[in-house]
Amino acid sequence: MDHNHPFEADWSLETLAIRAGHRRTAEQEHGEPIFPTSSFVYGSAAEAARKFGGEEPGNVYSRFTNPTVRTFEERLAAMEGGERCVATASGMAAILSTALALLKAGDEIVASRSLFGSTVSLFDKYLGKFGIITRYVELADLDAWEAAITPATKLLFAETPSNPLSELVDIAALAEIAHRHGALLAIDNCFLTPALQKPLALGADLVIHSATKYLDGQGRAIGGAVVGRNQELEELFGVVRTCGPCMSPFNAWIFTKGLETLGLRMRAHCDQALALAQWLEAHPAVTRVYYSGLESHPQHDLASRQQQGYGAVLGVEVKGAREGAWSVIDATRLLSITGNLGDVKTTITHPATTTHGRLSDAQREAAGISQGLIRIAVGLESLEDLKADLARGLDALS
């Protein structure tokens, strides 16, 4: 075996997460290096011409070619089972770059109603003014997806599970619908990561990540990524090269190191989240818990078939509407009140006034975001400490 080979095809996800993508330099380093350089030098004018012209592989400018970023891209592509990955400056940059690469004025998107608020704003406010129309449907309703497709539909876009209600769509069935109509299917896999769900293996064409979340796992850096076939990713690479929403080498190094522990962390997150969800479901101040790992979840069977775990994000409906939700949040001392998720630190937020705060009342209602809803992204602290922290506010409501 070549010990400098970036990866072997038959390696498991855990091994790929640690080994894939690293090409050792002449220094023979064991850890992945960071290349904090804006440009690269050439031995001659002819070599520079060949590399700038794409006739010879090699680095040109860190806006679009950087060895540290490439290591992250190759590792994530291997883990997702894709031909190629393009890294971006953020998860939103990944979605924007996908749209710029694959859509033009007059094209249409069909998307889930339960998308992240910023994604809805991107589709409606910004893509909309360039003549790209987005139609929204219920995530789980396959008939609604099919009915919304027109001859102009070029992209179907879904987050599964959804944020924060843990709704699902049957990815394989949705991929079949998309392909029958000549459209591509993009799945935001941010909540589960390739450790728990492989959308490409289920028929999706593109997988989109906010690397900021579980790929990093410790809330340290902002970044995004798109994984898929080389055909579509070459177009996307062109957007990053020309428009510049690129990932920094330092952030790429952080994400690469985060991937090394992804499998272990996601299993631990899932164990914690299920135990906390079961405890919350039994609390008298809680009216409903949204988590696909619970047998009470209407799509629990689909989640068990499609996923290798249920993730760590809980939607928790409490008594007392917004006043009740805010009182529970404000009573915590351990949990972090922040809109981020995917961290080893447990976070808590009120979606209706934070992550989904820019949506209209009608949009929030359609997405199921009520005033009594709290989102908890379960971290890796002591489970008993998390329960005690939440009980302080919940007990006062019951």
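Starting afresh in each chain, residues are numbered from 1 along the sequence in its written order. Local features in this predicted model are restricted to residues whose pLDDT is 70 or higher, and side-chain atom pairs enter the listing and the counts only when it is 80 or higher, whereas totals over whole chains, interfaces and linings include all residues. Computation of side-chain values covers all heavy atoms of the structure but excludes hydrogens and water.

J.: Hey, could you run me through the overall build of the chain in this one?
T.: Numbering of helices and strands starts at the N terminus; helices are DSSP runs of H or I of at least 4 residues and strands are runs of E of at least 2. The number of helices and strands found in the chain is 15 helices and 12 strands. The C-alpha atoms of the chain give 22 Å as radius of gyration, which agrees with the globular expectation for 398 residues (21 Å, within 12%). Per-residue accessibility, obtained with a 1.4 Å probe over protein chains only, is compared with the maximum for each type, and a residue is labelled buried under 20%, exposed over 50%, and partly exposed between these values. By residue count, 55% of the 398 residues in the chain fall in the buried class. Approximately 16600 Å² of the chain is accessible, and the part contributed by carbon and sulfur atoms is 53%. Only four residue types enter the tally: Lys and Arg on the positive side, Asp and Glu on the negative side; His and the chain ends are excluded. By convention, charge coordinates are those of NZ in Lys, CZ in Arg, CG in Asp, or CD in Glu. For the chain, the distance from the average position of its 35 positive side-chain charges to the average position of its 47 negative side-chain charges is 5 Å. In this description the radius of gyration comes from C-alpha coordinates, and the expected globular size is given by 2.2 Å times residues to the power 0.38. Note on areas: Shrake-Rupley, 1.4 Å probe, and residue coverage restricted to the protein chains presented here.

J.: Explain the pattern of salt bridges to me, please; I cannot follow it from the model alone.
T.: A side chain with one charge can pair with a side chain of the opposite charge if their charged atoms come near. Salt-bridge detection follows one rule: a side-chain nitrogen of Lys or Arg within 4 Å of a carboxyl oxygen of Asp or Glu. Inspection of the entire model under this criterion finds 20 salt bridges. E108 is the salt-bridge partner of R135, the closest N and O atoms lying 2.9 Å from each other. Note that R135 is positioned in strand β3 (residues 133-137) and E108 in strand β2 (residues 108-112), a separation of 27 residues in sequence. Several salt bridges converge on common partners, so that one network encompasses E32, R75, K257 and E260.

J.: What should I look at first to understand the pairing of strand β4 (residues 153-159) in this one?
T.: Regular strands show a simple pattern: their side chains alternate between the two faces of the sheet. A large share of β4 lies buried, amounting to 6 of its 7 residues. Relative to β4, β2 runs parallel, the two sharing 4 bridges. Following the sheet pairing, E108 is matched in β4 by T153. Here, any two strands with at least 2 DSSP bridges between them count as paired. The pairing of β4 with strand β5 (residues 184-188) spans 5 bridges and is classified as parallel. The partner of F157 across the bridge, within β5, is A186. With the strands aimed away from the viewer, a crossover counts as right-handed if its path from the first strand over the helix to the second runs clockwise. Traced from β4 through helix α7 (residues 171-180) to β5, the parallel crossover comes out right-handed.

J.: I would appreciate a short explanation of the sheet that holds β4 in the present structure.
T.: Where strands meet in a sheet, backbone hydrogen bonds hold them as pairs that are either parallel or antiparallel. On the basis of which strands lie adjacent, the open sheet formed by 7 strands has the order β1-β7-β6-β5-β4-β2-β3 and mixed pairing. Because the sheet does not close on itself, it has two edges, and the strands there are β1 (84-88) and β3. Neighbour to neighbour, the strand axes of the sheet diverge by 20° on average, direction disregarded. Packing against the sheet, α7 makes contact with β4 and β5, and its axis sits at approximately 150° to β5. Simply put, an axis is a line fit to the C-alpha atoms, just over the touching stretch for a helix, and the angle between two N-to-C directions goes from 0 to 180 degrees. Here, residues are in contact when the closest pair of their heavy atoms is within 4.5 Å.

J.: Can you help me understand the sheet that holds strand β12 (residues 373-377) in this one?
T.: The mixed open sheet is built from 5 strands, whose spatial order is β8-β9-β12-β11-β10. A single partner strand is all that each edge strand has here, and the edge strands are β8 (286-290) and β10 (336-337). Relative to β12, strand β11 (residues 347-349) is paired through 3 bridges, and the arrangement is antiparallel. When the bridges of β12 are listed, T347 appears paired with A377. Those strands touched by helix α11 (residues 262-281) are β8, β9 (313-318) and β12, and its axis lies near 10° from that of β9.

J.: Would you take a moment to explain the packing of aromatic side chains for this structure?
T.: To describe a pair of aromatic rings, you give the distance between the ring centres and the angle between the ring planes. Here a pair means two rings of Phe, Tyr or Trp (six-membered ring of Trp) with centres within 6.5 Å. Their orientation is stacked below 30 degrees between planes, edge-to-face above 60, and tilted elsewhere. In total, this model carries 6 aromatic pairs according to the counting rule given. Two limits define a charge over a ring: the Lys NZ or Arg CZ must be within 6 Å of the ring centre, and within 35 degrees of the ring normal. Over the face of the ring belonging to F237 we find R84, whose NZ or CZ atom lies 5.0 Å from the ring centre.

J.: Would you mind showing me how to read the nonpolar core here?
T.: Taken as a class, soluble globular proteins show a tendency for nonpolar side chains to be buried jointly. To define a nonpolar core, start from buried Ala, Val, Leu, Ile, Met, Phe, Trp, Tyr and Cys residues and group those joined through side-chain atoms within 4.5 Å. Core analysis: the largest hydrophobic core is formed by 61 residues, its most contacted members being F72, L280, L314 and I376. F72 has contacts with A87, A211, L215, A225, M247, A252, F255, T256 and L259, leaving out every residue within four places of it along the chain.

J.: I tried to follow the environment of L96 on my own but got confused; where do I start?
T.: In this fold, L96 is placed in helix α4 (residues 91-102). As a C-alpha pair, L96 and G320 span 224 residues in sequence and 38 Å in three-dimensional space.

J.: Can you walk me through the packing of α4 against helix α9 (residues 230-243) in this structure?
T.: Helix packing geometry: the angle between the two helix axes and the distance between the axes. Look at α4 against α9: their axes get within 8 Å of each other, and the N-to-C directions meet at 110°. In this view, α4 runs roughly perpendicular relative to α9, as classed from their interaxial angle. The two elements α4 and α9 meet at a crossing, and its hand is right-handed. Contact residues: α4 offers S97, T98, L100, A101 and L102, while α9 offers E232, E235, L236, V239 and V240. Throughout this entry, Asp, Glu, Lys and Arg are counted as charged residues, while Ala, Val, Leu, Ile, Met, Phe, Trp, Tyr, Cys and Pro are counted as nonpolar. The remaining residues, Gly among them, count as polar. Tallied by class, the residues present in the contact of α4 with α9 amount to 6 nonpolar, 2 polar and 2 charged. Convention used here: angles under 35 degrees read as roughly parallel, angles over 145 as roughly antiparallel, angles from 65 to 115 as roughly perpendicular, and any remaining angle as oblique. Crossing handedness: left-handed means the near helix sits turned counterclockwise from the far one by under a right angle, and right-handed means the same turn made clockwise.

J.: Got a minute to help me understand the state of the cysteines in this structure?
T.: Put plainly, a disulfide is one covalent bond tying together the sulfur atoms of two cysteines. Two cysteine sulfurs form what is called a disulfide whenever their separation falls within 2.5 Å. Applying the stated criterion across every chain, the model contains 0 disulfides. Unpaired in terms of disulfides, C85 finds its nearest cysteine sulfur in C246, a separation of 14 Å. We note that C246 lacks a disulfide partner, and the nearest cysteine sulfur, in C243, lies 11 Å from it. By relative accessible area, C246 is classed as partly exposed at 25%.

J.: What is the right way to read the pairing of strand β7 (residues 224-228) from this model?
T.: β7 sits mainly inside the fold: 5 of its 5 residues count as buried. Alternating positions in β7 separate into two faces, G224, V226 and G228 on one and A225 and V227 on the other, with burial throughout. Pairing between β1 and β7: 5 bridges, direction antiparallel. Its bridge partner lying in β7, A87 is registered against A225.

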